[in-house]
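Residue-level listing of the chains:
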Amino acid sequence: MSYIGRVNYNMFDVLLFTATLRIDGSSRFGKNNRFGYFPSGAVAWKLHQHDFIKNLNVFSNLKARASFGRTGNQDIGNFLSIVTYGTGAKMVLDGKPVVSFGPQRIANPDLKWETTEQINVGLDMGFFDNRLSVSLDYFQKNTFDMLFNKPIPASTGYTSIMQNVGNIRNRGFELTLDSRNFVGAFTWNTSLNLSTLKNKVTDLSGLAEIIHGDAGQSTSDFAIIREGEALNSFFGYQTAGIWQSEEEIQAADLKYAVKPGDVHYVDQNGDGYINDADRVVLGDSFPDFSWSFGNTFSYKNLDLYVFFEGVQGVEMLNGNLIDNYFPLSFRRNKFSELYLNRWTPENPTNQYPSFVDPLAHGRKVVNSRTLSDASYVRLKTIRLSYTFPKFSKFISSLQVYATAENVFTFTDYIGLDPTVNSNSNVNFRMDFNSYPSARTYMFGVKLDF
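The rules behind these values
- Residues numbered from 1 in each chain as written.
- Predicted model: local features only at pLDDT ≥ 70, side-chain atom pairs only at ≥ 80, totals over all residues.
- Heavy atoms only, no water.
- Helix = DSSP H or I, 4+ residues; strand = E, 2+ residues; numbered from the N terminus.
- Rg over C-alpha atoms; globule rule 2.2 N^0.38 Å.
- Buried < 20%, exposed > 50% of the residue type's maximum accessible area, 1.4 Å probe, protein only.
- Areas by Shrake-Rupley, 256 points an atom, 1.4 Å probe, with all protein chains shown as cover.
- Lys, Arg positive; Asp, Glu negative; His and termini not counted.
- Charge placed at Lys NZ, Arg CZ, Asp CG, Glu CD.
- Pairing = 2+ DSSP bridges.
- Axes fitted to C-alpha atoms, helices over the stretch in contact; angles between N-to-C directions.
- Salt bridge = Lys/Arg side-chain N within 4 Å of Asp/Glu carboxyl O.
- Polar contact = N/O pair within 3.5 Å; in protein donor to acceptor, adjacent residues only side chain to side chain.
- Contact = heavy atoms within 4.5 Å.

K.L.:
Explain the overall build of the chain to me, please; I cannot follow it from the model alone.
P.N.:
A tally of regular secondary structure across the chain gives four helices and 27 strands. Computed over C-alpha atoms, the radius of gyration of the chain comes to 29 Å, more than 25% over the 22 Å expected from 2.2 N^0.38 for 449 residues, which places it beyond the range of a compact globule. Once the C-alpha set of the chain is aligned to its principal axes, its extents read approximately 80 × 65 × 55 Å. Burial analysis of the chain (449 residues in total) assigns 36% to the buried set. With an accessible surface of roughly 25,300 Å², the chain has 56% of that area assigned to carbon and sulfur atoms. Put simply, the chain has 42 plus and 44 minus side-chain charges, and the middle of one group is 10 Å from the middle of the other.

Below, the structure is given as structure tokens:
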């Protein structure tokens, strides 16, 4: 159920204003909070129409704008705010097997909409009769009353309850540039986009932290939600190279047995052991920045489009590296580089361990070695097309084209493709036997009648 109201205001095309109020109701939420109220508004000021801007003879377009809005999320499935009943454990009564029947969850009549609030401030500029257009944006998005299955003590008879828990903040900058570099018989147009994103958990409703996740290989939890950190940060063990000699090991005064060639895990609390207390935040799946760069070249009826994209400063848990360091089966395929360049007394490297006894210290699968930098630059698209002059009254346009996708990728990532994600959560990136992006070639004919 939804209600929408809208107001628009236009003052001689110099000052523009719009406002909207949306009221949504959903039976998925508790009886106390069925409805959510989501206002939005935006204002724009066309500065280039004022004389004091025109007299500068710099801008062919100059517009300042700001917007604010809220949206709601109800994507939790049905009946999670009420008690539903279902079959439970089997038991024997009077010598006969009986299937029990009981409640499946704890009711939450106060469950309500998850709300996202976004503020955007921007500036649009045009130069040289709008042959160069530049847009600058700053945005901040706060998500609060997040819908989350909050863990609870098993002594309650349940393991979790759906609640509104905590706040998350996303903020960043975006730059968009469009230019017409050459005009005439030969034209060259360029489009550039650069964006940053900083994610931070700002509130957990009294919880110290939530540790969860499964790397898909019978491992312990490996992601953490903690105030002050990015959502679903990777949580594991920091490494400091490879133990090189018995003298180095003895000088460290360890309380557990290691030998030369073993991975050197950092003892964060200095107690002489490596255990869960030594886990730290190692990184997250949010890139420092991402960008794209497209160029269109045209000469008469011939067009060439070339598009690059890139992502920098993003981490991904590499399940195939986990299989090298902590193999569940030695018969599986592995990366050869690690074994061919492993530590030996004759090759005292700090890059890879000896792999003589990889499970000697347990499966510490999330560590600074299995977490990979998935930054990349990719030649994403090349498209060449030719449009024939009109030659028939029945065919208004005839174009032939050839396109190549995912042409080439520049990356230091150890794996088939730094853009894959075998996990369904984009903020929880993981690669384990993921199928890489295919390089495709297409040839076609486009007809308009």
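Resuming the write-up.
K.L.:
I would appreciate a short explanation of the sheet that holds strand 16 (residues 233-236) in the present structure.
P.N.:
Across a sheet, strands are paired by hydrogen bonds formed along the backbone, either parallel or antiparallel in direction. Pairing in this open sheet of four strands is antiparallel, and the strands run 14-15-16-19 from one edge to the other. Looking along the sheet, the strands with just one partner apiece sit at the ends: strand 14 (209-212) and strand 19 (280-283). Averaged over all pairs of adjacent strands, the angle between their axes in this sheet comes to 45 degrees, without regard to strand direction. Pairing of strand 15 (residues 223-226) with strand 16, which is carried by two bridges, proceeds in the antiparallel orientation. Across the sheet, the residue bridging to alanine 223 is phenylalanine 234, located in strand 16.

K.L.:
Help me understand unusual backbone geometry in this model?
P.N.:
Of note, aspartate 145 is a non-glycine position whose phi angle comes to about 55 degrees, a positive value. You will see that serine 205, though not glycine, has its phi angle at about 55 degrees, which is positive. Mapped onto the elements, serine 205 comes out in the loop between strand 13 (198-203) and strand 14. Classification of serine 205 as partly exposed rests on a relative accessible area of 38%.

K.L.:
How should the sheet that holds strand 26 (residues 430-431) be read in this particular structure?
P.N.:
Across the sheet, which stays open at both edges, the three strands sit in the order 23-22-26 with mixed pairing between neighbours. In the strand order of this sheet, the two ends are held by strand 23 (371-373) and strand 26, each with one partner.

K.L.:
Any chance you could explain the pattern of salt bridges here in plain terms?
P.N.:
A side chain of one charge can pair with a side chain of the opposite charge when the charged atoms of the two come close. Enumeration over the complete set of coordinates arrives at 10 salt bridges. A salt bridge links arginine 332 to aspartate 323; its shortest N-O distance comes to 3.2 Å. Owing to a relative accessible area of 36%, arginine 332 belongs among the partly exposed residues under this scheme. Here aspartate 323 falls in the buried class, since its relative accessible area comes to 4%. Ionic pairing is found between arginine 378 and aspartate 417, a salt bridge with its closest N-O pair at 2.9 Å. Remark: aspartate 417 occurs in the loop between strand 25 (397-410) and strand 26 and arginine 378 occurs in strand 24 (residues 376-388); sequence separation between them is 39 residues.

K.L.:
So what exactly am I meant to see when it comes to the side chain of glutamine 399 here?
P.N.:
On the secondary structure map, glutamine 399 appears in strand 25. At a separation of 3.3 Å, a polar atom in the side chain of glutamine 399 contacts the side chain of arginine 383. Looking at glutamine 399, its side chain comes within polar contact range of the side chain of threonine 387, at 3.1 Å. Dropping the residues within four chain positions of it, glutamine 399 is found in contact with Arg383, Ser385, Tyr386, Thr387, Gly444, Val445 and Lys446.

K.L.:
For this particular structure, what's the right way to read the environment of leucine 62?
P.N.:
With respect to the element layout, leucine 62 can be found in strand 4 (residues 61-73). Setting aside residues no more than four positions away along its own chain, leucine 62 makes contact with Trp45, Lys46, Leu47, His48, Ile53, Leu123, Asp124 and Met125.

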